[in-house]
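# A structural walkthrough
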Amino acid sequence: MSFKRTFRLLLSGMMCFVSTAAWDLRAEAVPPLHTKGHEIVDAAGHPVRLASVNWYGFDQQEYVVGGLDHAPLATIVEMIRQIGANSVRLPWANETLERDPVVPGYAVLANPQFKGKHAMEVMDAVIAALARAHVMVILDNHVSRADWCCSETDGNGLWYSKEYPETAWLADWKAIATRYRNQPWVIGADLRNELRNGATWGGTDPAHDWHAAAERGGKAVLAANPRLLIMVEGPEYSTNLAGFDKLSVNLPVAHRLVYSPHAYFSGGQTPPAYEDLKKLYETRATFLLHAEPGVPLWVGEFGACQTLECGTEADWFRLFVRFLSENPQISWGYWPLNGTQSSGVTRKYDALETFGLLSTDYKRVAASQIVELLRSIQ
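About the thresholds
Residues numbered from 1 in each chain as written. Predicted model: local features only at pLDDT ≥ 70, side-chain atom pairs only at ≥ 80, totals over all residues. Heavy atoms only, no water. Pairing = 2+ DSSP bridges. Helix = DSSP H or I, 4+ residues; strand = E, 2+ residues; numbered from the N terminus. Contact = heavy atoms within 4.5 Å. Axes fitted to C-alpha atoms, helices over the stretch in contact; angles between N-to-C directions. Salt bridge = Lys/Arg side-chain N within 4 Å of Asp/Glu carboxyl O. Buried < 20%, exposed > 50% of the residue type's maximum accessible area, 1.4 Å probe, protein only.

## Some details on the sheet that holds strand 11 (residues 331-334)
One open sheet holds the nine strands; their spatial order is 8-7-6-5-4-3-11-10-9, and the pairing between them is parallel. Two strands lie at the open edges of the sheet, namely strand 8 (257-259) and strand 9 (262-263), each paired on one side alone. Relative to strand 7 (residues 229-232), strand 6 (residues 186-190) runs parallel, the two sharing three bridges. Among the inter-strand pairings, Ala-189 is bridged to a residue of strand 7, identified as Ile-230. The strands that helix 5 (residues 166-179) touches are strand 4 (87-93), strand 5 (136-143) and strand 6; relative to strand 5, the one it contacts most, it runs at about 160 degrees.

Set out below in structure tokens:
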């Protein structure tokens, strides 16, 4: 995400965990999931590695996932399966849930069944289609006000804002967790995307203490659906989980906590030597894989230019993939699936999504080199 990358730190921590089946849906997980030490396991006790793609849009100004203007929903879901992902991180905005507007007709042209439908009705249909394909869903509270993310000035940097106070954030999480309580393929709740604007892990200022807020958010979600995994990101755009081992998140339901760092390359930097890269990640996040009590790690976002013709950014991406390949305890989610942009700050509707895995018609893989690298991780 070009606008987001400008505000990312060099690289970031990562990952979430293991399974023998990453990009291989022949061995499907059996929901619900829970944690066991540094692993996520399914209902049968088998380790599961979340190999995810991010499919944005319910957090954007069209209030609907990208691609429904170009291809039938079933076609896009099939593309997700062909790529090999076993899960989708599905960003949503508090505005989308609270306003629940009718989605614009131009955004669902290839799916006439959604003409005149409200955003949450379309979300219901998208999640149902993913569930029928046995693709797991992680609900991600990406922003409060629907728009492109992220910067220090977009008004979405904390888990609340003047327009969307914490009481609304908690109520909205209860509402969406309740809405999908009976859908077993909805397996996780990413409490808030990329905390910034002075967010801290602990501290004396409750207005910025994300640790305490995450505990309140996790409690609210689990009260509505105790089977969900609770994904917790960190401050500094979730690039640094320092202190998470000393001040852990306590939840009212055991075996539900997952930490979720993000990883992007910061433009203008030179990729470090591989050994230095490993040391950086150890400092930022992967030290948690040696901490007790064990908590799994899942990199909710990482990505690079679609063509991998982007110089040092592509070099970094290849190093990152190598790191994931050598660390089977790490799971991940690629940003994004989308082949085109939604409307928003710095964005142009239907323009090429330069990080996207899919083509602009959503009917084929456009980032073939990236997909092959992701498949090589396992």
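## Remarks on the pattern of salt bridges
In total, this model carries 15 salt bridges according to the counting rule given. Measuring nitrogen to oxygen at the nearest pair gives 2.9 Å for the salt bridge that ties Arg-99 to Glu-95. Of this pair, Arg-99 and Glu-95 are both found in helix 3 (residues 94-99), four residues apart, which corresponds to roughly one turn of the helix. The residue Arg-145 makes a salt bridge to Asp-147 at a minimum N-O spacing of 3.3 Å. For Asp-147, a relative accessible area of 6% puts it in the buried group. Three or more residues joined by partner-sharing salt bridges are found here, namely Arg-89, Asp-140, Asp-190, Glu-233 and Glu-301.

## What to know about the pairing of strand 4
For strand 4, the buried fraction is high: seven of the seven residues fall into the buried class. Residues of strand 4 alternate between two faces, with Ser-87, Arg-89, Pro-91 and Ala-93 on one and Val-88, Leu-90 and Trp-92 on the opposite face, all of them buried. In this sheet, strand 4 lies alongside strand 3 (residues 51-54) in parallel orientation, the contact comprising three bridges. The residue of strand 4 that forms the bridge with Ser-52 is Ser-87.

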